[in-house]
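Tertiary structure, described
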Amino acid sequence: MMKNLKILAVIFSVVLNIIFVGSYFYYRSGPLAMTGHQTNHNHLLHEELNLDRAQLDRLKPLSESFHAFVNSQGRKIKVKQLELVNLLAQAKPDRRAISRIQAEIQALQGQMQAKVIDHLFAESKILTPEQRQKFFSLIKGRMEKGNAPRPRWMPQKHVNSSMGQRP
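Numbers given for residues are sequential positions, taken from 1 along each chain in its written order. Residues qualify for local features only when their pLDDT is at least 70, as the model is predicted, and side-chain atom pairs are given and counted only at 80 or more; totals for whole chains, interfaces and linings, by contrast, use all residues. Just so you know, side-chain values use all the structure's heavy atoms and leave hydrogens and water out.

Further remarks concern the overall build of the protein chain. Counting its secondary structure elements, the protein chain contains six helices and zero strands. Of the regular secondary structure in the protein chain, the N- to C-terminal order runs α-α-α-α-α-α. Type-normalised accessible area, obtained with a 1.4 Å probe on protein chains alone, sets the label of each residue: buried when under 20%, exposed when over 50%, and partly exposed for intermediate values. Within the protein chain, the fraction of its 167 residues that count as buried is 29%. A fraction of 72% describes how many contacts in the protein chain between residues 6 or more apart in sequence connect residues 24 or more apart. When the accessible surface of the protein chain is split by element, carbon and sulfur atoms take 61% of a total near 11700 Å². Numbering of helices and strands starts at the N terminus; helices are DSSP runs of H or I of at least 4 residues and strands are runs of E of at least 2. Residue contacts follow a heavy-atom distance rule, with two residues in contact if any of their heavy atoms lie within 4.5 Å. Per-residue accessibility takes into account occlusion by the displayed protein chains alone, with areas from the Shrake-Rupley method and a 1.4 Å probe.

A low pLDDT means the predicted coordinates there should not be read in detail. One confidence number per residue, pLDDT, is output by the predictor and ranges from 0 to 100. Chain-level pLDDT for the protein chain is 75 on average; 60% of the residues reach the 70-or-more range. When the criterion is pLDDT under 50, residues 24–41 qualifies, and its contacts beyond four places in sequence or with other chains add up to 24 contacts.

Pairing between side chains of opposite charge can happen when the charged atoms of each approach one another. Take a side-chain nitrogen of Lys or Arg and a carboxyl oxygen of Asp or Glu: if they are within 4 Å of each other, that pair is a salt bridge. All told, the structure shown has five salt bridges when counted by the stated rule. Between R53 and D57 there is a salt bridge whose closest N-O contact spans 3.6 Å. Taken together, the positions of R53 and D57, both in helix α3 (residues 53–89) and four residues apart, correspond to about one turn of that helix. A relative accessible area of 58% places R53 in the exposed class. Note on D57: relative accessible area 46%, which makes it partly exposed. A salt bridge links E104 to K80; the shortest N-O distance between them is 2.7 Å.

The subject of this paragraph is the environment of L87. Mapped onto the elements of the fold, L87 is located in helix α3. Given the relative accessible area of 14%, L87 is considered buried. Residues L87 and I101 lie 14 residues apart in sequence; the distance between their C-alpha atoms is 9.1 Å.

Position of Q131 relative to the elements: it lies in helix α5 (residues 129–145). With a relative accessible area of 10%, Q131 lands in the buried category. Whenever two N or O atoms come within 3.5 Å, that pair is a polar contact, provided that in protein one can donate a hydrogen and the other can accept it, and provided that, for residues adjacent in sequence, both atoms are side-chain atoms. One polar contact links Q131 to Q55, side chain to side chain, over a distance of 2.6 Å.

Another point: the packing of helix α4 (residues 95–126) against α5. Angular values range over 0 to 180 degrees, each being the angle between N-to-C directions of two axes fitted as lines to C-alpha atoms, with helices fitted over their stretch in contact. Between α4 and α5, the shortest axis-to-axis distance is 9 Å and the interhelical angle comes to 145 degrees. Residues L120, E123 and S124 of α4 form the contact with α5, whose own contacting residues are R132, F135, F136 and I139. Polar here means any residue other than Ala, Val, Leu, Ile, Met, Phe, Trp, Tyr, Cys and Pro, which are nonpolar, and Asp, Glu, Lys and Arg, which are charged; Gly is therefore polar. Its residues assigned to classes, the contact of α4 with α5 shows four nonpolar, one polar and two charged.

Throughout this description, the term nonpolar core refers to a set of buried Ala, Val, Leu, Ile, Met, Phe, Trp, Tyr and Cys residues connected via side-chain atoms within 4.5 Å. Counting residues in hydrophobic clusters, the biggest one holds 11 residues: F66, V70, I77, L84, L87, A97, I98, I101, I105, L108 and M112. At the level of elements, α3 and α4 are the ones that each hand at least two residues to this core. Within the second largest apolar cluster, seven residues are counted, among which are L49, L59, I126 and L127.

This brings us to the packing of aromatic side chains. Think of it this way: a Phe, Tyr or Trp ring, Trp meaning its six-membered ring, pairs with another when their centres are within 6.5 Å, and the plane angle makes it stacked under 30 degrees, edge-to-face over 60, tilted otherwise. Enumeration according to the criterion identifies one aromatic pair in this entry. We call a charge positioned over a ring when the NZ of a Lys or the CZ of an Arg lies within 6 Å of the ring centre and within 35 degrees of the ring normal. Over the face of the ring belonging to F69 we find K115, whose NZ or CZ atom lies 5.3 Å from the ring centre.

This next bit is on the environment of I101. Take I101: it is sitting in helix α4. Sequence-distant contacts of I101, defined by excluding residues within four places in its chain, comprise K80, E83, L84 and L87.

In this structure, N50 takes a positive phi of about 55 degrees despite not being glycine. Along the polypeptide, N50 turns up in the loop between α2 (34–48) and α3.

In structure tokens:
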């Protein structure tokens, strides 16, 4: 029984590593590379709002700061995810260490979510009431269609299939 569990743990570890590495290279080098995709996505969103030069000038530093944080935080999350996989791959995984790393990942993801909310508030303050209404309508529409920004590793079809399953 213990031998079978070890074999399953090794197989699970190898599969996860292949998925992580494959996803990283696919999304890093493909047309949906994170920086290019987000920049184009935000640029098009702002084009649809008919922003004036002053608004664009105010949004630019917010966007640069936000994307710098997202990239930095994403790297931290990835490091912790790899630590988690390494712990899971051990012959005798330490449940306490796994729980600790899991909590750290959740905290980093929570910080990311809080930053997204703060960023949306800051951007929406620069908009006119009509632009603000359209801004959130566009975001909602893209989320409903499954075109919302997502982590590099999450394929588009996963976003679409999970949309109706959230509480």
